[in-house]
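Structural description and commentary
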Amino acid sequence: MPAKQLTKSPNEADLEASIHQAVKQAFPWLAAGSIRHQTKFAFTFGRKKIEIDGTEVSRAEGRSDIILYNEERPLAVLELKRPGIPLTGNDEAQGLSYARVLTPSPPLVIVTNGTDLHIVETHSGKKWAATLPTDQDFKALVSNAARVATADLKDAIDTLMGTNSAVWMSAARSASAVVLSELSASSDKPAQPFVDQILFSRRATLEVLSHIRDGAKLVLLEGPPLAGKSNVLREIVLKTEVHPDIAALYLEAGVGRGIVQAVADSLTNALEWTVSTEDARVWLRRLSKSTDRKLLLLVDGLAIDDNDARKEIEDLTSSNLGSGVTIVAALDDTVAEQIVLRPNHRTQSTIGRRAKRVAIKSLDDREFEYAKNTLWQHRIGFMHGADFEDKLRQPWVLRAMCEPLLNKLSDTEPDHGLLLPSVISLELIRHARERFVDPDLRRQFNAIAKAVLADATDQSRDVALKLESLAVNLLRRETLLHYLTLDDLKMLIDGGFLKSAMHTSDDAILYVRLPELLASELARLLAKKLIDRRNTDQHEAAMWLAGAASNFPMGDLIAAQAVLDAAQTPEGITFALIRALIESPPTREVIHPGSRFAMHVQDVGRVEISIKADGKAEMIVWGQAHEIQLNENELGETYAQYHQWLILSHLAEMHCVIEDDDGEKCVNHRVLFEVGRANIVLREFRSKDSMRGLPTHNLPGIGSIVCHKAGIVEPITLSICHYLSREVESRDEWIDLAIESKSMPLLARIHIALLQIASEVDEQCAPWARQTLETRVRPAFNFFPQLHIDEELDN
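Residue numbers run consecutively from 1 along every chain, following the written order of its sequence. Local features in this predicted model are restricted to residues whose pLDDT is 70 or higher, and side-chain atom pairs enter the listing and the counts only when it is 80 or higher, whereas totals over whole chains, interfaces and linings include all residues. Hydrogens are left out, water is left out, and the side-chain values use all remaining heavy atoms of the structure.

**Details of the overall build of the chain**
Where helices and strands are cited, they refer to DSSP runs of H or I of at least four residues and of E of at least two residues respectively, numbered from the N terminus. A count of helices and strands for the chain gives 29 helices and 27 strands. For each residue, the accessible area found with a 1.4 Å probe, counting protein chains only, is set against the maximum for its type, and the residue is called buried under 20%, exposed over 50%, and partly exposed in between. Counting every position in the chain, which comprises 795 residues, the buried fraction comes to 53%. Counted over contacts in the chain with a minimum sequence separation of 6, partners at least 24 positions apart contribute 71%. Summed over its atoms, the accessible surface of the chain is roughly 36400 Å², and 49% of this surface lies on carbon and sulfur atoms. Here, residues are in contact when the closest pair of their heavy atoms is within 4.5 Å. For every accessible area listed, the method is Shrake-Rupley and the probe measures 1.4 Å; residues are considered covered only by the protein chains on display.

**Brief notes about the state of the cysteines**
Cysteine sulfur atoms are paired as a disulfide whenever they fall within 2.5 Å. Overall, the coordinates contain zero disulfides when judged by the stated rule. For Cys721, which is in no disulfide, the shortest distance to another cysteine sulfur is to Cys765 and amounts to 9.2 Å. Owing to a relative accessible area of 1%, Cys721 belongs among the buried residues under this scheme.

**Quick word on the pattern of salt bridges**
Opposite charge on two side chains allows them to pair when their charged atoms are near. In what follows, salt bridge is the name for a side-chain nitrogen of Lys or Arg lying within 4 Å of a carboxyl oxygen of Asp or Glu. This structure, assessed with the given rule, holds 35 salt bridges. Of the charged contacts in the structure, one is a salt bridge between Lys81 and Asp91, with a shortest N-O distance of 3.0 Å. Of this pair, Lys81 sits in strand 5 (residues 73-81) while Asp91 sits in helix 2 (residues 89-101), and the two are ten residues apart along the sequence. On the basis of relative accessible area, Asp91 is assigned to the buried category, the value being 0%. The salt bridge involving Arg476 is made with Asp455; its shortest N-O contact spans 2.7 Å. Taken together, the residues span a long stretch of sequence, with Arg476 in strand 15 (residues 474-476) and Asp455 in helix 16 (residues 439-456) at a distance of 21 residues. Its relative accessible area of 3% is what places Asp455 among the buried residues. One continuous salt-bridge network, built from bridges that share partners, spans Arg399, Glu403, Arg435 and Glu516.

**As for the environment of Gln192**
With respect to the secondary-structure elements, Gln192 resides in the loop between helix 5 (165-182) and helix 6 (203-213). By relative accessible area, Gln192 is classed as buried at 12%.

**Overview of helix 27 (residues 731-740)**
Buried within helix 27 we find Arg731, Trp734, Ile735 and Ala738. Along helix 27, the residues classed as buried sweep out an arc of 100° about the axis, all on the same side. Pointing more than 90 degrees away from the buried face of helix 27 are the exposed residues Glu733 and Glu740. If you follow the buried residues of helix 27, they end up packed against helix 25 (667-675), helix 26 (715-726), helix 28 (744-758) and helix 29 (765-780). Lys742 sits one or two residues past helix 27 and shows a positive phi near 50°. An arc is given here, and it is the one of the directions from the helix axis to the C-beta atoms.

**A short note on helix 24 (residues 643-651)**
Note that an α-helix has 3.6 residues per turn; residues three or four places apart therefore point the same way. For helix 24, a buried count of nine out of nine residues is recorded, marking the element as mostly surrounded by other parts of the structure. Along helix 24, the positions that sit buried rather than exposed are His643, Gln644, Trp645, Leu646, Ile647, Leu648, Ser649, His650 and Leu651. For helix 24, the secondary structure elements touched by its buried residues are helix 21 (538-549), helix 22 (555-567), helix 23 (575-582), helix 25 and helix 26.

**Quick look at the packing of aromatic side chains**
Planes of paired rings set the category: under 30 degrees apart is stacked, over 60 is edge-to-face and the rest tilted, where pairs are Phe, Tyr or Trp rings (Trp by its six-membered ring) whose centres lie within 6.5 Å. Considering all chains together, one arrives at five aromatic pairs under this definition. The interplanar angle of 75° and the centroid separation of 6.5 Å between the aromatic rings of Trp168 and Trp283 together place this pair among those described as edge-to-face. Of the two residues, Trp168 is situated in helix 5 and Trp283 in helix 9 (residues 277-288); the sequence distance between them amounts to 115 residues. There is no split in this pair, since Trp168 and Trp283 are both buried.

**What about the side chain of Gln538?**
Residue placement: Gln538 occurs in helix 21. By relative accessible area, Gln538 is classed as buried at 11%. Whenever a nitrogen or oxygen atom comes within 3.5 Å of another N or O atom, the pair is scored as a polar contact, on the condition that within protein one atom can donate a hydrogen and the other can accept it, and that pairs from neighbouring residues in sequence are kept only if both atoms are in side chains. Among the polar contacts made by the side chain of Gln538, one reaches the main-chain carbonyl oxygen of Arg534 at a distance of 3.4 Å. In this structure the side chain of Gln538 is engaged in a polar contact, spanning 3.0 Å, whose partner is the backbone oxygen of Thr536. Sequence-distant contacts of Gln538, that is, excluding residues within four places in its chain, are made with Arg533, Thr574, Ala576, Leu577 and Ala580.

**Remarks on the sheet that holds strand 12 (residues 356-359)**
Being paired, for any two strands, means DSSP has found at least two bridges between them. Reading across from one edge, 9-10-11-8-12 is the order of the five strands in this open sheet, with parallel pairing throughout. Since the sheet does not close on itself, it has two edges, and those belong to strand 9 (246-252) and strand 12, each with one partner. Strand-to-strand, the axes of this sheet are offset by a mean angle of 20°, without reference to chain direction. Sheet topology note: the strand 10 (residues 294-300)/strand 11 (residues 325-332) ladder contains six bridges and is parallel. Within strand 11, the residue paired with Leu295 across the bridge is Val325. Note on geometry: axes are C-alpha line fits, over the in-contact stretch for helices, and angles between N-to-C directions span 0 to 180 degrees. Strand contacts of helix 5: strand 9 and strand 10, with the helix running at about 40° to strand 9, the strand carrying the most contacts.

**Points about the sheet that holds strand 16 (residues 498-502)**
Where strands meet in a sheet, backbone hydrogen bonds hold them as pairs that are either parallel or antiparallel. Strand order in the open sheet formed by three strands is 15-17-16, and the pairing between neighbours is antiparallel. Where the open sheet ends on each side, the last strands, each with one partner, are strand 15 and strand 16. Mean inter-strand twist for the sheet, computed between neighbouring axes without regard to direction, equals 30°. Bridge analysis of strand 15 against strand 17 (residues 508-512) gives three bridges, and the strand direction is antiparallel. Bridging from a neighbouring strand, Leu474 pairs with Tyr511 of strand 17.

**Let's talk about the confidence of the model for the chain**
In this model, the chain carries an average pLDDT of 83, and 83% of its residues clear a pLDDT of 70 or more. pLDDT expresses, on a scale from 0 to 100, how confident the predictor is about each individual residue. Throughout residues 1-9 the model reports pLDDT below 50, and contacts reaching past four residues in sequence, or to other chains, amount to three contacts. Every residue in residues 790-795 is under pLDDT 50, and counting partners more than four places away or in other chains gives eleven contacts.

**Side note on the packing of helix 22 against helix 24**
The interhelical angle for the contact between helix 22 and helix 24, taken along N-to-C directions, is 60°, at an axis separation of 8 Å. Accordingly, the angle class assigned to the pair helix 22 and helix 24 is oblique. In this structure, the crossing between helix 22 and helix 24 has a hand that is right-handed. Residues Asp556, Leu557, Ala559, Ala560, Val563 and Leu564 of helix 22 touch helix 24, and the partners they reach there are His643, Leu646, Ile647, His650 and Leu651. Any angle that falls under 35 degrees is termed roughly parallel, while one over 145 is termed roughly antiparallel, one within 65 to 115 roughly perpendicular, and all others oblique. The crossing is said to be left-handed when, going from far helix to near helix, the turn is anticlockwise and less than a right angle, and right-handed when the turn is clockwise.

**What about the environment of Arg534?**
Mapped onto the elements of the fold, Arg534 is located in the loop between helix 20 (515-532) and helix 21. Arg534 gets classed as partly exposed once you look at its relative accessible area, which sits at 25%. For Arg534 and Glu571, which are 37 residues apart along the polypeptide, the C-alpha to C-alpha distance reads 8.5 Å. At 3.0 Å, the side chain of Arg534 and the backbone oxygen of Gly572 are in polar contact.

**Quick notes on the packing of helix 27 against helix 29**
Helix-helix packing is characterised by the crossing angle of the two axes and by the distance between the axes. Viewed as axis vectors pointing N to C, helix 27 and helix 29 meet at an angle of 20°, and their least axial separation amounts to 11 Å. Viewed along their axes, helix 27 and helix 29 adopt a mutual orientation that is roughly parallel. Helix 27 and helix 29 meet at a crossing whose hand is right-handed. Residues Arg731, Asp732, Ile735, Asp736 and Ile739 of helix 27 form the contact with helix 29, whose participating residues are Cys765, Trp768, Thr772, Arg776 and Ala780. Each residue is assigned to one class: nonpolar for Ala, Val, Leu, Ile, Met, Phe, Trp, Tyr, Cys and Pro, charged for Asp, Glu, Lys and Arg, and polar for all the others, Gly among them. Classifying every residue of the contact of helix 27 with helix 29 by side-chain character gives five nonpolar, one polar and four charged.

So this is what it looks like as structure tokens:
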């Protein structure tokens, strides 16, 4: 059988032999052994130390880069090409460029393929005859090389950036590392998009990389604000930082700032080497012709009114250029819809025709599992039930909950961790108040909160804007300018706290990038308004508070914090407000034909639904009407007036004592008992994912209750869990009262709370919870319909 050579590049022995032969050819007068070589070397490129490994032979050109020394003095850069590959002027140019950026600069450049030999003087770039008679002449050659190298440094760097992938890939990665570091959050820059210790793997990252591997020149990464688009770009940077063929350059886009200018600025800032816009344009066009290496331009935050960037995307992705440069642009979904279509909104734009589109939404089941695993590596876990909390699928919520804990955990024993609630709670606002203490930032966010309140009461707003503001923290720019100066506004935008955008309603809007801090300031404002209503009818005050809660994302949480804030002031509030909230339980309302609804659906926008008499409904999305057939149980009824009890559900989490005519009263004891008996699933219903496969039991005459297999998915159940864990002296009496009430919804919530406590490591609470389940709670269920025929209730 004939042998077949599989090795395509020289091995180490071949390389050593080739170097020895080249040295013998170039320096026949030097004593054997006086020259040594270095196949790995480095030079400083601005802030970046770029390392070159000469043993990594270029697949395209078969060339190794090597430094030769005469004893301790650098003698030459050796460009060693494989036999049979002809020498070109580019080989000499690259060798000269290396020699001129190295310190000290080797006086000679040698280029050989084993047969042909070119020797060039570093200081002149001219051919050199190998006849050095004296050591003094050699010293003069070294001196000339050092003097001229400085003057020719820019040309040398230009050459290396254009001809040597090891250099420009390293430069791009260096520039990206600098930007990512600057965009990482710190105590004095809390709004920056990245947290060093936290990065969640996203499906969108794999989709983008798949399109890149398939040769796409343009990929649009689309999603709502705070969905994690920037972190997908960050993940791409990290995944490609050691890739042999791909380097990523992370760019911050801005209004009126083109992509080419962003490239020039990024390289200039990171490398301390002045790159003009034209330099960057020529460089990108040259790299686009590369067939074996690829540069990714990751453009974060492409704006609708950045016309320069749009034109440059069209230019850099045209058929006249190669696929060596790929653009990945992250942009809000509303912006994407305007960019991919022509002004007539019927035909695709140039960008729309060329782009591969990747949508990023809230974390799906698999991504959420990855996120939990990532947090568990930092010893942060969640109570059972977290999989059903749609708010935890928002990356910013996970960050807001977990970032403050990372430093605390670093000071604890390595086998200790933290267990976070499975539903968002008042801890979110507490963490925000601990982190954001800068008085100027507080002042500015207080003004934002005032503007949000003003917008919420303005009935003249476009309906689409109203609906989106219920799900996303946004406000109109013109409203905010009534409360903040232009300088303050610019400071907030530049600091990443606000993001400008144009809404589909044609309103100039601002997205708030720290929703937890906005929630904190909104709670403070609502608290003041509650105090002003202290002496008014408290049923009216309760209705006003519930109405306010319905106007904001996390409104129930904000309203509950407002009650706590008001209760802690010298003026305080009375128990009459709590009583008024309790006396406004949720109600069921039957949906009749003719009913109409409008909602904002994430990733879709405004959706209108009209119920017809024939068991069908008409759904209008993006102006298109769709008829749908309703199942027998679909849209049969809806809940009304549930915000009051949701507010109480959060409020009951805290031990709060409020004055009444009969003296001081403990709020949570009473609220837990009353609200815990709610005969509906008591959680927010704004999101299409609010009932994400949630297992429930619907019992005639009893109501709807959450199955114990779901875990803690209602704020009231979380509050019961905390109460039973903390109130050691009163919990047994309270459980007796609950059992005596013969309320199956209350008993079911207690059961779920006890299952959670029993699963934890608390040496006092866990045994008590297990015993209470076995001896008191399980027997109490005998009075009610059996829920699980084939299994024990507390399995």
